[in-house]
Amino acid sequence: MRRALLWFKQDLRLDDHPALWAGMEADELIPVFILDPKWVRSGPLGARRLGVHRARFLLESITALDNSLRALGSRLLLLPGHPEDVIPDLVQRLDIQEVLTLEEIAPEELTQLAEVRSRLGHVRLREFQGNSLFRMEELLKGLEQMPQVYSEFCRVVEQRLPVFQPRPVPRSLPVFPQAAQDMLLPMPTLSQLGLGEPLSVPNSAFPFAGGEPAAQSRLRDYLWERQGVRNYIENRHGLIGTEYSSKLSPWLANGSLSPRRVAAELRRHESRYGRNESTHCLWQKLLWREFFRLTLERHGQALFEPGGVKATARAPDKIDERFQQWCQGRTGMPIVDANMRELADTGFMSYCGRQIVASYLVHDLKQDWRHGAAWFEEHQLDYDPASSWGNWAYVAGYASDPKRSDTFNALRKARDLDPEGTYVSLWLPELRVVSPQLRHTPFLLPLLQLEMIDYPRLSKVPESWTDYLPNAEEQFYGVPNEDKESLQAS
Ligand SMILES: Cc1cc2nc3c(=O)[nH]c(=O)nc-3n(C[C@H](O)[C@H](O)[C@H](O)COP(=O)(O)OP(=O)(O)OC[C@H]3O[C@@H](n4cnc5c(N)ncnc54)[C@H](O)[C@@H]3O)c2cc1C
């Protein structure tokens, strides 16, 4: 009799899961997930790995996985501890012959996997590719030969696109043995993890639940029912609501959704309704995710160093009180503060928002970009090491692309993306009393008024903002009557 352990990590699904299919050959299969206590402790850059929103999403995803396994006659064994201790211990106690799991690409996870493997001794640990679009053998070139510039990378992969044929969920599963049943533990609560409960925020751009059924439902909705994908280009610079982009990233990040399933469904949609610029653009976004995965695989730990993969670049490696103001959404620049408060309150932020706040931290406040990335790790529902650090390195100018450094003019972006100030007043209630003409530039208001609404004053207005400041008339009509005299006098 063959008994196998299926170790779930960032792959919390049954659909398109190669390690699960390998487990179908066993007589008995024990699906397991390990809750590592180090995730809720502070990391080397101060922030926790797992903040309250991501933890809520994770627990929902694990519960959904257990429900799906139950429906097929199995269970999810959820255990606390360090995998390098728990997995070898389980293997010994339950007399397991083989451990199956998906491959890892980030340095810490690779080290952990190597440690588990070495402690397993003669018991085999088999890894499968499963969280990328492409399998290594499907790429025309080896990892070292893959282009380091995104546009060239796209050209290479588009020369020979594989047909994505994700494997469906099996109809039944091998037996979950009694010995493992006896070890089942209840799901911990967020409070038991020391995280407290997240507030439910009605304005959230991501009001969705964790888990595979919710992921599949959003994919169906976005591609087939509401077909938001057909207008992706027109809407993608939005900041408010659920429909300005696919919102698939949190499920892709913890593996509740397979990228190959998304690609296969996108192809199916295109063959039924036709390809347009929007459907192609979503495909190219999936390629960004892939590009960053390959970048991480290639450069490993270098991506997490101050100079990123451009090891020679001189990067600021310090933070001061301005970093805390950025984290708390109290820099005095409304578009930055609104995005940072949205992130802290909901765990989500739009792509444009992320570019603006990251650029502001690095290029305007001159703070160490790695601390920004670590803050994102704690708070983002969709945190993924390759996509997060890869994008941060791009904005900071330490990515593999020799030319690119994404510097954004925060005031110009604010005016383009949020002309009426609707977004900033959604997340910064104190600015609702300020007239729309001045909502992006409250630093032009008299100090007294800023103190009354308890909004911080920006210490210095960058020169590059001059062209985007409100004109004299807008300024004049934007301030309340009682303050006009002081403005006229100054
Ligand atoms: C500083 C910074 C940090 C980021 N951190 C992350 C992160 O930790 N995890 C993450 O998934 N994305 C990250 N992104 C990329 C991007 O912001 C999100 O993927 C996107 O906003 C998620 O929303 P969506 O699913 O609606 O995306 P859509 O626009 O609908 O795109 C569809 C999918 O394509 C992928 N994708 C789109 N844009 C990018 C991109 N620039 N890089 C990589 N993949 C992309 C994602 O998987 C996304 O779900 C970051 C961007 C910046 C500027």
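All values derive from a computational prediction rather than experimental measurement.

Scoring rules and cut-offs
- Residues numbered from 1 in each chain as written.
- Predicted model: local features only at pLDDT ≥ 70, side-chain atom pairs only at ≥ 80, totals over all residues.
- UniProt positions renumbered as here; feature names shortened; annotations may be inferred.
- Helix = DSSP H or I, 4+ residues; strand = E, 2+ residues; numbered from the N terminus.
- Pairing = 2+ DSSP bridges.
- Axes fitted to C-alpha atoms, helices over the stretch in contact; angles between N-to-C directions.
- Near = placed C-beta within 6 Å.
- Domains from an automatic or database assignment.
- Buried ≥ 20, exposed ≤ 12 C-beta atoms within 10 Å, placed from the backbone.
- Arc of directions from axis to C-beta.
- Contact = placed C-beta atoms within 7 Å.
- Core = buried A, V, L, I, M, F, W, Y, C linked by C-beta atoms within 7 Å.
- Nonpolar A, V, L, I, M, F, W, Y, C, P; charged D, E, K, R; others polar.

Peer 1: Whenever I open this one, the UniProt feature "domain: Photolyase/cryptochrome alpha/beta" (unreviewed entry) in the protein chain confuses me. Can you help?
Peer 2: In the numbering adopted here, UniProt assigns the feature "domain: Photolyase/cryptochrome alpha/beta" (unreviewed entry) to residues 2-133. Along residues 2-133, the helical share is 39% and the strand share 21%, with 31 Å between the first and last C-alpha atoms.

Peer 1: Help me understand the sheet that holds strand 3 (residues 77-80) in this model?
Peer 2: In any sheet, the strands associate via hydrogen bonds between backbone groups, in a parallel or an antiparallel arrangement. Strand order in the open sheet formed by 5 strands is 3-2-1-4-5, with parallel pairing between adjacent strands. This sheet does not close on itself; its edge strands, each paired only once, are strand 3 and strand 5 (124-128). For this sheet, the mean angle separating the axes of adjacent strands, direction not counted, is 30°. Strand direction decides the pairing type here: strand 1 (residues 3-8) and strand 2 (residues 28-35), joined by 6 bridges, are parallel. Note that in strand 2 the partner of Trp7 across the bridge is Val32.

Peer 1: How should I be thinking about the site of the ligand in this particular structure?
Peer 2: Around the ligand, the structure places 29 residues, and the nearest of them are Ser245, Ser246, Ser249, Ser388 and Asn391. At the level of secondary structure, the elements contributing two or more residues to the shell around the ligand comprise helix 9 (249-253), helix 11 (277-299), helix 14 (351-364) and helix 16 (385-396). Per element, the largest residue contribution to the shell around the ligand is 6 residues, and it comes from helix 11. Looking at the shell around the ligand, you find at least three residues from each of domain 2 (132-166 + 211-303) and domain 3 (305-490).

Peer 1: Looking at this structure, how should I read unusual backbone geometry?
Peer 2: Peptide bonds are, in most cases, trans, and in most cases residues other than glycine have a negative phi. The phi dihedral of Asp16 falls on the positive side, at around 45°, and the residue is not glycine. Phi is positive for Gln227, which is not a glycine, with a value near 60°. By the element assignment, Gln227 lies in the loop between helix 7 (212-225) and helix 8 (232-235).

Peer 1: Can you walk me through the UniProt feature "binding site: FAD" (unreviewed entry) in the protein chain in this structure?
Peer 2: Here the UniProt-annotated "binding site: FAD" (unreviewed entry) positions come out as Tyr232, Ser245, Ser246, Lys247, Leu248, Ser249, Asp382, Tyr383 and Asp384. With a sequence span of 153 residues, these residues are also far apart in the fold, their greatest C-alpha distance being 22.5 Å. Note that Ser249 resides in helix 9. By C-beta crowding, Ser249 is classed as buried, having 20 other C-beta atoms within 10 Å.

Peer 1: Looking at this model, I keep getting lost on helix 17 (residues 410-417). Mind explaining?
Peer 2: Think of an α-helix as turning once every 3.6 residues; residues three or four places apart then point the same way. Every buried residue of helix 17 is listed here: Ala410, Leu411, Lys413 and Ala414. Within helix 17, the buried residues cover an arc of 160° as seen down the axis, which keeps them to one side. Lining the buried residues of helix 17 we find helix 13 (334-346) and helix 14.

Peer 1: How should I be thinking about the nonpolar core in this particular structure?
Peer 2: Within soluble globular proteins, side chains that are nonpolar tend to cluster in buried spots. Counting 117 residues, the largest nonpolar core has Leu5, Leu6 and Ala393 as the members making the most contacts within it. Top element by residues in this core is helix 2 (residues 52-71). It accounts for 9 residues. When sequence neighbours within four positions are dropped, the list of residues in contact with Leu5 reads Ile30, Val32, Leu90, Val91, Ile96, Val99 and Leu100.

Peer 1: When you look at the domain arrangement of the protein chain in this model, what are you seeing that I'm missing?
Peer 2: Interfaces are often sized by the amount of accessible area the parts lose when they come together. On domain assignment, one finds that the protein chain holds domain 1 (3-130), domain 2 (132-166 + 211-303) and domain 3 (305-490). Each of domain 2 and domain 3 has a C-alpha centre, and the two are 28 Å apart. Listed as interface residues are 21 residues of domain 2 and, on the opposing side, 25 residues of domain 3. Counting residues per element, the ones that place at least two in the side of domain 2 that touches domain 3 are helix 9 and helix 11. At 6 residues, the largest contribution of residues to the side of domain 2 that touches domain 3 is made by helix 11. Class assignment for the residues of the side of domain 2 that touches domain 3 results in 11 nonpolar, 8 polar and 2 charged.

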